[in-house]
Amino acid sequence: MKNIAVFGYNRLSFEAINRIDPENHIIKVYDYKSTNIDLALEKGINAAMIEFRSDDDLKAIGIGSSVDTLFCCLDEDSENVFLTLSARALDKNLQIIAIIENPEAAEKLLAAGANKIIDPYQICGRRIHDMLKRPDITDLFDHTVFGRNDLNLAEVMVPENSFLQDVYVSQLELSTHYNLILVGIINKQISDQMHFVAEEVDRKLNPGDILVILGPSREIRAFKKDVNDEFCNI
Amino acid sequence: MLSKLMVFIAYYLNASDSYKKAKTFFYDLLDNPHSRKKRIFDAAMIVLIVTSILLLIYDVEHESSLLGGYFESAILLVFVLEYLLRGWIYSDSYKIVIEEYERALYLNIGFKIATVLKRVIRKDLEYFGSYFAIIDLLALLPSYRSVSILRIFIIFRLFKLFRYSTSAKLFADVLASKRFELLTLLVLTCFMVFIASISIYLFEYKIESSNIWNLFDAFYWTVVTLATVGYGDITPQTTGGRWVAIFLILVSLGLLSFFTSILIAAFGEKMLSMRESRTYEELDRYASFIIICGFGRVGKEIARHLQRERQKFVVIDKAERNILLAKQLGYLAIQNDASKNEVLINAGICRKASDILCITGDDVINVYITLTSRHLNKNIRIISRANRHENVNKLYQAGADNVILPFEVAGMLAAEFLGQPVAFEAISGILQEQRDIAMETVLVSENSPLDNRQIGQLDLWQRKLTLLGVISDNTVHLKHKNKYKVKHRHFYFNPAQHFVLRAGDMLVILGRKYGIEHFRSQMEQPRLLGKAKT
């Protein structure tokens, strides 16, 4: 279970929360405006008031301990920068994602310690450009991976002693056994970058590698279960 | 009998294709502002006119040469032909005949040839009486070289240049737009000239050193002084005359500055539409382009991408600040209201625009522009931005092909990132083509090696390509599993080895860009070669 703390309740964070798989994530929304909290509670979202300027309050909700990911979605760029700085000081390994309003804030947020910046306008612009350039692919992704259809991307780690260990990528044949497509592999020992199956030479899987797969969630669940089952062998 | 023949000819012309083709051809050549032919014709005419003027000027001091005479005759012929053709395309006389004939039939009255002729002639006179037609006619006169006084009509040949140059026409338009102010100024000036001429004449007449011997001298002095030229060949000597000079000089300063300010104001007003028409001309040269309505943050981002890919586009925005910025970035931009039909038509929505993006920050405006665009062009692709959820359906109803919600998209990406950061980075990397890995579609065309082939036979693994699925609207495939509805088609995810491809299907392939390109060209080549052979 991944623990996600969302700061700031608005249209954007609402969309994001709505799309996160609730089975594998614990999500809680924090805001310093009581009106926003009321709105969130109305929609059935777990929300609480917080004074984000106080480090003690941040510690109290689990930043520096239980929270894995922080989503800074406050209305002002300055507030997000402040929150990022405070959180980064409390936890060096925290995953911090921040929204920006003004493009100039991107550098400041990165300097403050954010891992990923999301600029809604930029994303929207790119998206429209994609629609113009490759309407088929964009439609496909909108309706499947990003949309409501059940086709998802997932990351699956190769554990110790699983049937995947020492198997060649070419022997894996996920598409016949599971109705899944293997998109890429992340070799954690070398880097965090993903290598596409298509561009790789055939290699053996090691424990700790992460497989990036695409497919229906039922198949993904089945595959994950089998991977973690030491005695499974296909 | 005559009237019958006339009606017969009129109906014959109405039905004749070649007649209409010829007329359209000459319309394109002479009058159609959007045609390429006209541009070439105008340039050729400018060269002809300038050459003819140079020849006529040469003739003033030299003996008329034989070659020059031939050239002048040739030019004359071109001018006469042009004059007549313009008269021809100005109106459709046969339509008037048909209209009158049908009216007579309907009302059951006699078909009177006189009324028809009257209407036809009136229409023709309308053309021959127009400003440009008169200039065209007068410009013919200097060709008659034996009467040297006619040479003065060279001026009209110069005026004829106005017809062929848009900037010259614009200058005339600017002057015409300030007709009232200029007329007021002219009356005032005439009044001043009259008073000053009479006064100086009364004071200085027959005074030896002042050189005013008649009323024309007085008038000449007044104009020279009023224009602040002051040659000094005539100078007032009496005190009264000098007072007149002082008065005239002060007034002339005022009149001149008034004149200048009128011109500047007129040009200032015209400048905007001048720039706009330049932009329209530029757009006309492109084979296809995209119209971006609204140049905010989203618009800027799109424009940046399009510019990088050398795609042609034009920005329309009401705000001066945004247009200024767009121009600074080197984009074509029009400062106007995109919800007006006229603006979109001028921008070429019915001609060469392939897509229109309605992406202002205001949903009301976006809906309105979408509706206008769909109304003007049934086939154009419209992508609109909705800022609120409840407006998405309204935009689709208004005719948008795609609707995008900035916050939803951003939220969606944020959610993907929160869930699977690495996988998401990788996918967004492909979608944005940051690396040389790409996801592309390969179309199965008829009779290509892919047509009727099983997926298992494609050896994509050998080619280092990953097949994600097949997009198709072919109902043959519906029996297969793993289908997802994508608009009016289906996406068959991870198709089985025995999946048989049909023409019109699209393979969605992940791989290196040149790998996909190579695969595509291999699949297309045999088909194209086959076509060439047959």
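Chemist: Quick question: what am I supposed to make of the overall build of chain B here?
Modeler: Scanning chain B from N- to C-terminus turns up 20 helices and 11 strands. Buried residues in chain B amount to 29% of all 534 residues. In chain B, 62% of the contacts between residues at least 6 apart in sequence involve partners at least 24 apart.

Chemist: Teacher, can you tell me more about helix H12 (residues 239-285) of chain B here?
Modeler: Since there are 3.6 residues in each turn of an α-helix, residues three or four apart along the chain are aligned in direction. Residues and elements named next belong to chain B. Helix length check: H12 (47 residues) gives 67 Å between terminal C-alpha atoms against 69 Å at 1.5 Å per residue, within 8%. Met 271 marks where H12 bends most, by close to 40°. Taken together, the buried positions of H12 are Gly 241, Val 244, Ala 245, Leu 248, Ser 252, Thr 279 and Leu 283. Where H12 is buried, its residues touch helix H10 (179-204), helix H11 (215-226), strand S1 (289-293), strand S2 (313-317), strand S3 (332-335) and helix H15 (341-347).

Chemist: How should the pairing of S2(B) be read in this particular structure?
Modeler: Remark: a regular strand shows side chains that alternate across the two faces of the sheet. Residue and element names in this part refer to chain B. Burial analysis of S2 places 5 of its 5 residues in the buried class, which makes it a mostly covered element. A two-sided burial pattern is seen for S2, the buried positions comprising Phe 313, Val 315 and Asp 317 on one face and Val 314 and Ile 316 on the other. Sheet analysis places S1 next to S2, joined by 4 bridges and oriented parallel. Along S2, the bridge assignment pairs Ile 290 with Phe 313.

Chemist: Which parts of the structure should I look at to understand the nonpolar core?
Modeler: Among soluble globular proteins, nonpolar side chains are generally buried collectively. Phe71(A), Cys72(A), Ile291(B), Ile292(B), Val314(B) and Leu357(B) are the most contacted members of the largest nonpolar core, which has 94 residues in total. Considering each element in turn, this core owes the most residues, 9 residues, to helix H18 (residues 406-419) of chain B. Not counting residues within four places of it along the chain, the set of residues in contact with Ile292(B) comprises Gly299(B), Ile302(B), Ala303(B), Phe313(B), Val315(B), Leu357(B) and Ile359(B). Ranked by size, the runner-up nonpolar core spans 51 residues in total, among them Ile210(A), Ile220(A), Val444(B) and Met506(B).

Chemist: Where do I start with the sheet that holds strand S4 (residues 353-358) of chain B in this structure?
Modeler: Backbone-to-backbone hydrogen bonds join strands into a sheet, with any given pair of strands oriented parallel or antiparallel. Ordered by their spatial adjacency, 6 strands build an open sheet running S3-S2-S1-S4-S5-S6 (chain B), and the pairing between neighbours is parallel. What marks the edges here is a single partner per strand, and that holds for S3 and strand S6 (402-404) of chain B. Here the average twist between neighbouring strands, direction ignored, is 20°. Docked against the sheet, helix H6 (residues 120-133) of chain A engages S1, S4, strand S5 (381-385) and S6 of chain B, running at close to 165° with respect to S6(B).

Chemist: Any chance you could explain the sheet that holds strand S10 (residues 210-215) of chain A here in plain terms?
Modeler: All names here are of chain A. Reading across from one edge, S7-S10-S8-S9 is the order of the 4 strands in this open sheet, with antiparallel pairing throughout. Unpaired on one side and paired on the other, strand S7 (152-157) and strand S9 (194-196) mark the two borders of the sheet. Here the strands of the sheet are splayed against their neighbours by 30° on average, with no regard to which way each runs. Looking at chain direction, strand S8 (residues 181-186) and S10 are connected through 5 bridges and run antiparallel. Each bridged residue has a counterpart across the sheet, and for Ile 186 the counterpart in S10 is Ile 210.

Chemist: I tried to follow the interface of chain A and chain B on my own but got confused; where do I start?
Modeler: By a frequent convention, interface size equals the accessible area lost on bringing the separate parts together. At the junction of the two partners, chain A supplies 54 residues and chain B supplies 55 residues. Considering every element that reaches the side of chain A that touches chain B, the biggest residue donor is H6(A), with 13 residues. Among the residues forming the side of chain A that touches chain B, the class breakdown is 31 nonpolar, 10 polar and 13 charged.

Chemist: Is there a simple way to think about the confidence of the model for chain B in this case?
Modeler: Close inspection of predicted coordinates is inappropriate for parts of the model with low pLDDT. Scored by pLDDT, chain B has a mean of 84; 93% of the residues are at 70 or more. Here the predicted complex scores 0.66 on pTM and 0.80 on ipTM.

Chemist: How should I be thinking about unusual backbone geometry in this particular structure?
Modeler: Residues and elements named next belong to chain B. Even without being a glycine, Asn 211 presents a positive backbone phi close to 65°. Mapped onto the secondary structure, Asn 211 falls in the loop between H10 and H11. Backbone geometry at Asn 494 places phi at a positive 45°, although glycine is not the residue there. Topologically, Asn 494 is positioned in the loop between strand S10 (489-493) and strand S11 (506-512). Taking the number of C-beta atoms within 10 Å as the measure of exposure, Asn 494 has 24 and is therefore buried.

Chemist: Would you mind showing me how to read the packing of helix H2 (residues 17-30) of chain B against helix H4 (residues 66-90) of chain B here?
Modeler: Residues and elements named next belong to chain B. At a minimum axis separation of 10 Å, H2 and H4 run at an interaxial angle of 115°. As for the relative orientation of H2 and H4, their crossing is left-handed in sense. Where H2 abuts H4, its residues Lys 23, Phe 26, Tyr 27 and Leu 30 lie against Leu 85, Arg 86 and Ile 89. Residue classes in the contact of H2 with H4 are distributed as 5 nonpolar, no polar and 2 charged.

Chemist: For this particular structure, what's the right way to read the environment of Ser93(B)?
Modeler: With respect to the secondary-structure elements, Ser93(B) resides in helix H5 (residues 93-107). On a C-alpha basis, the gap between Ser93(B) and Val116(B) in space is 9.2 Å, while along the polypeptide they are 23 residues apart.

What counts, and where the lines are drawn
Residues numbered from 1 in each chain as written. Chains lettered and ligands numbered in written order. Predicted model: local features only at pLDDT ≥ 70, side-chain atom pairs only at ≥ 80, totals over all residues. Helix = DSSP H or I, 4+ residues; strand = E, 2+ residues; numbered from the N terminus. Buried ≥ 20, exposed ≤ 12 C-beta atoms within 10 Å, placed from the backbone. Contact = placed C-beta atoms within 7 Å. Expected span 1.5 Å × (residues − 1). Bend = angle between axes of the 7 residues up to and from the residue. Pairing = 2+ DSSP bridges. Core = buried A, V, L, I, M, F, W, Y, C linked by C-beta atoms within 7 Å. Axes fitted to C-alpha atoms, helices over the stretch in contact; angles between N-to-C directions. Nonpolar A, V, L, I, M, F, W, Y, C, P; charged D, E, K, R; others polar. pLDDT = per-residue confidence, 0-100. Left-handed = near helix turned anticlockwise from the far one by under 90°.

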